[in-house]
Amino acid sequence: QEQLVESGGGLVQTGGSLRLSCAASGSTFSSQPMGWYRQPPGKQRELVAAISSTGSPTYYDNRVKGRCTISRDNVKNTVYLRMTSLKPEDTAVYYCNNALRGLRATYWGQGTQVNVSS
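The structure contained in this document is the topic of the report that follows.

1. Some thoughts on the pairing of strand β8 (residues 78–83)
A regular strand places its side chains so that they alternate between the two faces of the sheet. Taking burial as the measure, the 6 residues of β8 include 5 buried ones, the bulk of the element. Direction of pairing for strand β3 (residues 18–24) relative to β8: antiparallel, over a ladder of 6 bridges. Paired with A23 across the two strands is T78, which belongs to β8. The hairpin turn running from strand β7 (residues 68–73) into β8, its antiparallel successor, is 4 residues long, and N77 in that turn takes a positive phi close to 55°.

Right, here's the structure in full:
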């Protein structure tokens, strides 16, 4: 059964940086595009960034473009999100998932909480 385990979140000040990790189980990881999503308090889950199975191309939401870098290691079955110049509006629970299923996915990991203080 697929498992997604996100980690790396925390409390940072405005302008700080974090690197999120998502470890995925299953043998199909390396052939699937992956995405990072976030759910701000009181709001719906949204796509932040995505990466193809090979690592290129990538996609970024305009709100994080230039501040985030998505990458993956298909040997470790892990996808990363490097976040810099963090803003209070980046505060959210961050999740990863298969980018083909996207927001329609029925299974989600526990996510990792990112809090950015002003």
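2. Focus: the packing of aromatic side chains
Counted under the stated rule, the structure contains 2 aromatic pairs. Look at Y37 and W108: their rings are 5.3 Å apart centre to centre, the planes differ by 90°, and that puts the pair in the edge-to-face class. Placement of the pair is Y37 in strand β4 (residues 34–39) and W108 in the loop between β9 (92–98) and β10 (112–117), with a sequence separation of 71 residues. As far as burial versus exposure is concerned, Y37 and W108 are alike and both buried. Here Y95 and W108 contribute two aromatic rings whose centre-to-centre distance is 5.8 Å and whose plane-to-plane angle is 75°, an arrangement assigned as edge-to-face. Of this pair, Y95 sits in strand β9 while W108 sits in the loop between β9 and β10, and the two are 13 residues apart along the sequence. With a relative accessible area of 10%, Y95 lands in the buried category. The ring of Y95 carries the charged tip of R45 above its face, separated from the ring centre by 4.1 Å. When the ring centre of W108 is taken as origin, the NZ or CZ atom of R45, which lies over that ring, is 4.0 Å away.

Rules of the game
Residues numbered from 1 in each chain as written. Predicted model: local features only at pLDDT ≥ 70, side-chain atom pairs only at ≥ 80, totals over all residues. Heavy atoms only, no water. Buried < 20%, exposed > 50% of the residue type's maximum accessible area, 1.4 Å probe, protein only. Helix = DSSP H or I, 4+ residues; strand = E, 2+ residues; numbered from the N terminus. Pairing = 2+ DSSP bridges. Phe/Tyr/Trp six-rings, centres within 6.5 Å; stacked < 30°, edge-to-face > 60°. Lys NZ or Arg CZ within 6 Å of the ring centre and 35° of its normal.

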